[in-house]
Amino acid sequence: MVYYRDESAYRENYYHIQDTFVIMDIAAKSGYIVRADCSKLYNQQDPALDLRSIDYDHMGGEEYIAYVRNIAEQTFGKENVKDVDVNAVYDGNYCTIDPYMTDGRWYEFFFEGGMLTEIQHFATERSNVCGWAADSLYVNTITGEEFYEEW
């Protein structure tokens, strides 16, 4: 684990964690998972949480939602998770599930064949730029108003 100090005043200090299974950046103050690249993770301990046996026609079902909800609630606290919903099931082997937080941010969990491959952070529910919230923050140079780019 490496600690990076932000001196730009636009982002936060953050932890960069890298091991055999995951590469992750976690904001030090807010606890946001800014980015996570996972090496096809799946639950080996509990067969009920192993999504690999679910065929394509049933990807994105209640098992996926429960899996992501469990991770989100354990990571951010149950009181901070507003909703978890299916975003897409596509190309015969892929699925994305989105947990939405009570403060407006959201994440996208990417699965390939039932294995977690990536997690992306978005600053607002309609944000179209993943990563640091500062990367999608715009300033109106006339009024000084700050807003997030949204779709």
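About the thresholds
Residues numbered from 1 in each chain as written. Predicted model: local features only at pLDDT ≥ 70, side-chain atom pairs only at ≥ 80, totals over all residues. Heavy atoms only, no water. Phe/Tyr/Trp six-rings, centres within 6.5 Å; stacked < 30°, edge-to-face > 60°. Lys NZ or Arg CZ within 6 Å of the ring centre and 35° of its normal. Core = buried A, V, L, I, M, F, W, Y, C linked by side-chain atoms within 4.5 Å. Buried < 20%, exposed > 50% of the residue type's maximum accessible area, 1.4 Å probe, protein only. Helix = DSSP H or I, 4+ residues; strand = E, 2+ residues; numbered from the N terminus. Contact = heavy atoms within 4.5 Å. Pairing = 2+ DSSP bridges. pLDDT = per-residue confidence, 0-100. Salt bridge = Lys/Arg side-chain N within 4 Å of Asp/Glu carboxyl O.

A. Representation of the packing of aromatic side chains within the structure. Inspection of the entire model under this criterion finds 10 aromatic pairs. Feature note: the residues Tyr 4, Tyr 14 and Trp 132 constitute an aromatic cluster, connected by ring pairs. If you follow Arg 105 out to its NZ or CZ, it ends over the ring of Phe 76, 5.1 Å from the centre.

B. Looking closely at the nonpolar core. Within the largest apolar cluster, 24 residues are counted, with the highest numbers of intra-cluster contacts made by Ala 36, Tyr 64, Val 68, Ile 97, Tyr 107, Phe 109 and Phe 111. Looking at this core, the elements with two or more residues in it are strand E3 (22–27), strand E4 (33–41), helix H1 (62–76), strand E5 (81–90), strand E6 (94–101), strand E7 (106–112) and strand E8 (115–122). Take this core: its biggest share by element is six residues, from H1. Apart from residues no more than four positions distant in its own chain, Val 68 is found in contact with Val 84, Ile 97, Pro 99, Phe 109 and Phe 111.

C. Just the pairing of strand E2 (residues 14–18), in detail. Relative to E2, strand E1 (residues 2–4) is paired through three bridges, and the arrangement is antiparallel. The partner of Tyr 4 across the bridge, within E2, is Tyr 14. Pairing geometry for E2 and E3, over five bridges, is antiparallel. Each residue of the ladder has a partner; that of His 16, found in E3, is Asp 25. Between E2 and E3, which follow one another and run antiparallel, lie three residues.

D. Representation of the confidence of the model for the protein in the model. Residues at a pLDDT of 70 or more form 99% of the protein, whose mean pLDDT is 89. When pLDDT is averaged over each element of the protein, E6 comes out on top at 96 and strand E10 (residues 146–148) at the bottom at 83.

E. The arrangement of the pairing of E6 in detail. Extensive coverage of E6 is indicated by the burial of seven of its eight residues. Note: E5 against E6, eight bridges, orientation antiparallel. Looking at E6, one finds that Tyr 90 is bridged to Tyr 94. Here E5 folds back onto E6, and the loop between the two strands holds three residues, one of which, Asp 91, carries a positive phi near 55 degrees. Strand direction decides the pairing type here: E6 and E7, joined by five bridges, are antiparallel.

F. Up close: the pattern of salt bridges. Scanning the model with the defined rule gives eight salt bridges in all. With its nearest N and O atoms 2.7 Å apart, the salt bridge here joins Arg 52 to Asp 50. A salt bridge links Arg 69 to Glu 73, with the nearest nitrogen and oxygen atoms 3.8 Å apart. Within this pair, Arg 69 and its partner Glu 73 are both found in helix H1, separated by four residues, close to a single helical turn.

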